[in-house]
Amino acid sequence: MEVVNPATELGIAAVSDADGVDAQAALRAAAEAQPAWAGSAARTRSDILYRVHGLMAARTDLLAEVMTLEMGKPLAQARSEVAYAADLIRWFAEEAVRIDGGYAHRPDGAARNLVLKQPVGPCLLIVPWNFPLAMGARKIGPALAAGCTCILKPAPQTPLSSLALGQLFAEAGLPAGVLNVLPTSRAGEIVPPMLESGVIRKLSFTGSTQVGRLLLTQAARQVLRTSMELGGNAPFLVLDDADLDVAVEAAFEAKMRNMGEACTAANRFLVHASVAEEFGARLGDRMRALTVGDGMDEGVDVGPLIDAAAREKVLGLVADALDRGATRVTGGRALAGAGYFVEPTVLTEVVAGSALTSAEIFGPVAAIETFTDVEAAVARANDTDWGLAGYVMTRDLDRALEVSERLEVGMVGLNTGIVSTPSAPFGGIKQSGLGREGGRLGIEEYLETKYVSVPVRRRSGSGGSW
Ligand code: NAP
């Protein structure tokens, strides 16, 4: 299958398109490698992950260029993603040797409860195109650290980053069959038989809520463990006491990282009426100053969207908001010529009910609504089926904590526009997903808990001393 550069609309590579036969081969490889990998020393697994971390750091420029060519993000952002992905691998190299269990006295004193953690077994890992390296690393890292073998299915738009990562694992000495990369354009056809095969014990998926829902029903047939990292509709609240320097910078990061194609992207800006005009104007100035273009070019801040359909969807959402009375501060148009470029856009006075307040925009469009009552703003922020990330800008600690606690999301950025870090639990509530990736919880998703009951028989009168 052809891989297309979204900045030029030209093919850059051809990749084997896996079919059902390839999927069966991957299942066999993962199943055969599982016992030895589960039985390997944690230090062995950790050392391999450390080596991959080192290789990723050493090959940052190459990995970043591959990513920019197949996905479009500017090189500087691609380098940041390589660093983030490598950090995730290192985090799980550290976690591999910290898997522990428990030893407890049963209350009646007649037994001991031993609790141990064991790898779940072969995992199917399905990732989207928007963070082609980091989304895979966030799953492969804990899976391998826990002792699970896996099959990684990249998005068809971005198989090259996953294949490059797979090569680094081979170079680092990962035994054959432990990690299998399966690029395919036929996921809908080959994934259900994989889930039904009896080999796969866990499905970890990052992608849209719609596909996540479908995969959950498929996984239910074999009662598979699942982790779901799904879509978001992040509210970004700016209270009247916010430091506007901080708020504008955070808004810019939360909106423009990855051209807005991030599940954590700020989707609805809810700004107190007393600061809305200044906030909108300053964010508009920040966005107007950006250079849009091919991410491979020096000085480019904003790359193309992933494909023509994504661009049409974003432009449609903007047109709908303008039709309903929103004001355009800047942007709102596609760029002429090749590539799926959309101007960085700021709209103010967006009317509640506009499609872009309920859809995941996934593009460089900041939609600003205003409020006068924080209570009502929190209610509006929570008025969505999604619950991934939310952002709060305020200098008042009490309000910061209260709003953070009341937002129905899995992650809150308090006076910051970035929440992703390997050391914190990443994930959502409501229809944004199940489970957490990263942090101390990340590896748990790939571990089963077993308990061994050990009766103790004491000679009467021994008092336990001999
Ligand atoms: P998507 O359409 O759900 O696709 C994600 C992955 O699932 C791709 O590899 C896709 O491959 C595969 N897929 C689609 N249908 C499938 C099926 N029936 N069976 C098996 N696999 C299937 O999502 P996307 O548009 O690529 O990615 C954007 C979405 O991901 C957004 O909603 C975003 O919020 C979400 N996301 C969430 C997180 C998070 O951590 N919560 C992180 C990043 C992105 P094909 O395209 O070949 O079908």
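The structure we're discussing is the one just above.
Residues numbered from 1 in each chain as written. Predicted model: local features only at pLDDT ≥ 70, side-chain atom pairs only at ≥ 80, totals over all residues. Heavy atoms only, no water.

> Before we move on, could you go through the overall build of the protein chain and cite the residues and values that matter?
Regarding its fold elements, the protein chain presents 14 helices and 20 strands. On C-alpha atoms alone, the protein chain measures out to a radius of gyration of 24 Å, which is about the 23 Å that the 2.2 N^0.38 rule sets for 466 residues. Oriented by its inertia axes, the alpha-carbon framework of the protein chain measures out at about 80 × 55 × 40 Å. Every one of the 466 residues in the protein chain was classed for burial, and the buried ones make up 55%. The contacts in the protein chain between residues at least 6 apart in sequence include a share of 73% that link residues at least 24 apart. Total accessible area computed for the protein chain in this model is approximately 18,700 Å², and 52% of it derives from carbon and sulfur atoms. When the 43 basic and 55 acidic side-chain charges of the protein chain are each reduced to a single mean position, those positions are 10 Å apart. (Helix = DSSP H or I, 4+ residues; strand = E, 2+ residues; numbered from the N terminus. Rg over C-alpha atoms; globule rule 2.2 N^0.38 Å. Buried < 20%, exposed > 50% of the residue type's maximum accessible area, 1.4 Å probe, protein only. Contact = heavy atoms within 4.5 Å. Areas by Shrake-Rupley, 256 points an atom, 1.4 Å probe, with all protein chains shown as cover. Lys, Arg positive; Asp, Glu negative; His and termini not counted. Charge placed at Lys NZ, Arg CZ, Asp CG, Glu CD.)

> Give a description of the nonpolar core that names residues and reports values.
In terms of nonpolar packing, the biggest core is built from 54 residues, with F236, V238, F269, F279, L283 and L356 touching the most fellow members. Those elements that provide at least two residues to this core are β10 (234-238), α9 (244-256), β11 (266-272), α10 (273-288), α11 (308-323), β13 (345-348), β14 (365-371) and β16 (389-393). Of all the elements, α9 adds the most residues to this core, at 8 residues. Beyond its immediate sequence surroundings of up to four residues, F279 is in contact with F236, V238, L244, A247, V248, A251, F269, V271 and I368. By size, the runner-up hydrophobic cluster in this structure holds 52 residues, among which are A78, V120, M135 and V178. (Core = buried A, V, L, I, M, F, W, Y, C linked by side-chain atoms within 4.5 Å.)

> Help me get a handle on the sheet that holds strand β4 (residues 111-119), residues and values and all.
One open sheet holds the 3 strands; their spatial order is β3-β4-β20, and the pairing between them is antiparallel. The sheet terminates laterally at β3 (102-105) and β20 (447-455), the two strands that pair on one side only. Within this sheet the neighbouring strands show an average axis-to-axis angle of 20°, counted without direction. Across 4 bridges, β3 lies against β4 in antiparallel orientation. Each bridged residue has a counterpart across the sheet, and for A104 the counterpart in β4 is N113. (Pairing = 2+ DSSP bridges. Axes fitted to C-alpha atoms, helices over the stretch in contact; angles between N-to-C directions.)

> Outline the packing of helix α7 (residues 187-196) against helix α8 (residues 209-220), listing residues and values.
Relative orientation of the contacting elements α7 and α8 amounts to 35°, with a least axis distance of 9 Å. Of the two possible hands of crossing, α7 and α8 adopt the one that is right-handed. Contacts between α7 and α8 involve V191, P192 and L195 from the former and L215, Q218 and A219 from the latter. In terms of residue class, the contact of α7 with α8 is built from 5 nonpolar, 1 polar and no charged. (Left-handed = near helix turned anticlockwise from the far one by under 90°. Nonpolar A, V, L, I, M, F, W, Y, C, P; charged D, E, K, R; others polar.)

> Let's hear about the site of the ligand: which residues, and what values?
V127, S208, L230, C263 and E360 are the nearest of the 30 residues found near the ligand. Between an oxygen atom of the ligand and a side-chain N or O atom of W129, the distance comes to 3.0 Å. L230 places a main-chain nitrogen or oxygen 2.8 Å from a nitrogen atom of the ligand. Protein chains bury 86% of the 890 Å² of accessible surface belonging to the ligand in isolation. Where the shell around the ligand is concerned, the elements lending two or more residues are α5 (134-146), α7, β8 (202-206) and α8. Considering only residue class, the shell around the ligand consists of 19 nonpolar, 7 polar and 4 charged. (Near = heavy atom within 4 Å. Polar contact = N/O pair within 3.5 Å; in protein donor to acceptor, adjacent residues only side chain to side chain.)

> Which residues make up unusual backbone geometry, and what are the values?
One non-glycine residue, N415, lies in the positive phi region at around 55°. Along the chain, N415 falls in the loop between β17 (411-414) and β18 (429-430). Judged by relative accessible area, N415 falls into the partly exposed class, the value being 32%.

> Run through helix α14 (residues 397-406), naming residues and quoting values.
Residues three or four positions apart in an α-helix share a direction because the helix packs 3.6 residues into each turn. Residues of α14 that are buried include every one of A400, V403 and S404, and no others. Across the axial projection of α14, the buried residues extend over an arc of 100°, all falling on one side. Counted as exposed and oriented over 90 degrees from the buried face of α14: D398 and E405. Its side-chain oxygen placed 2.9 Å from the backbone nitrogen of D398, D396 serves as the N-cap of α14. (Arc of directions from axis to C-beta.)

> Can you tell me about the side chain of S420, naming the residues and giving the values?
Tracing the backbone shows S420 in the loop between β17 and β18. Beyond its immediate sequence surroundings of up to four residues, S420 is in contact with Y84, R257 and F426.

> Any details on the environment of V419? Residues and values, ideally.
Note on placement: V419 falls in the loop between β17 and β18. Sequence separation between V419 and T264 is 155 residues, and the spatial gap between their C-alpha atoms is 8.1 Å. When near neighbours in sequence (up to four residues on either side) are disregarded, V419 contacts T264, Y391, M411, V412 and G413.

> Give me the pattern of salt bridges: which residues, what numbers.
Tallied over the full model, the rule gives 26 salt bridges. The residue E196 makes a salt bridge to R221 at a minimum N-O spacing of 3.2 Å. One end of the pair, E196, is in helix α7; the other, R221, is in the loop between α8 and β9 (225-229), and 25 residues separate them in sequence. Classification of R221 by relative accessible area gives exposed; the value is 56%. The salt bridge partner of R406 is E375, with a shortest N-O separation of 2.8 Å. Taken together, the residues R406 in helix α14 and E375 in helix α13 (residues 374-382) connect sequence positions 31 residues apart. R406 sits in the partly exposed class, given a relative accessible area of 35%. (Salt bridge = Lys/Arg side-chain N within 4 Å of Asp/Glu carboxyl O.)

> So, the packing of helix α3 (residues 60-71) against helix α4 (residues 75-96): which residues are in play, and what are the values?
Contact geometry for α3 and α4: axes closest at 8 Å, N-to-C directions at 120°. With respect to each other, α3 and α4 are oriented oblique. Once α3 is placed against α4, the crossing between them reads as right-handed. Every residue of α4 that contacts α3 at T60, D61, L63, A64, E65, M67 and T68 is listed here: L75, A78, R79, E81 and V82. Classifying every residue of the contact of α3 with α4 gives 6 nonpolar, 2 polar and 4 charged. (Parallel < 35°, antiparallel > 145°, perpendicular 65-115°, else oblique.)

> Can you lay out a nonpolar patch on the surface for me, pointing to particular residues and giving the numbers?
A contiguous nonpolar patch, built from Y103, L114 and V452 and spanning about 270 Å² of accessible area, is present on the exposed surface. With respect to the secondary-structure elements, Y103 resides in strand β3. (Patch = residues over 30% accessible without salt bridge, like charges linked within 9 Å, V, L, I, M, F, W, Y side chains within 5 Å.)

> Could you give me a rundown of the pairing of strand β1 (residues 2-5), with the residues and numbers involved?
Of the two faces of β1, the one holding V3 and N5 is buried and the one holding E2 and V4 is not buried anywhere. The loop that links β1 with its antiparallel partner strand β2 (residues 10-14) comprises 4 residues; one of these, E9, has a positive phi angle of about 65°.

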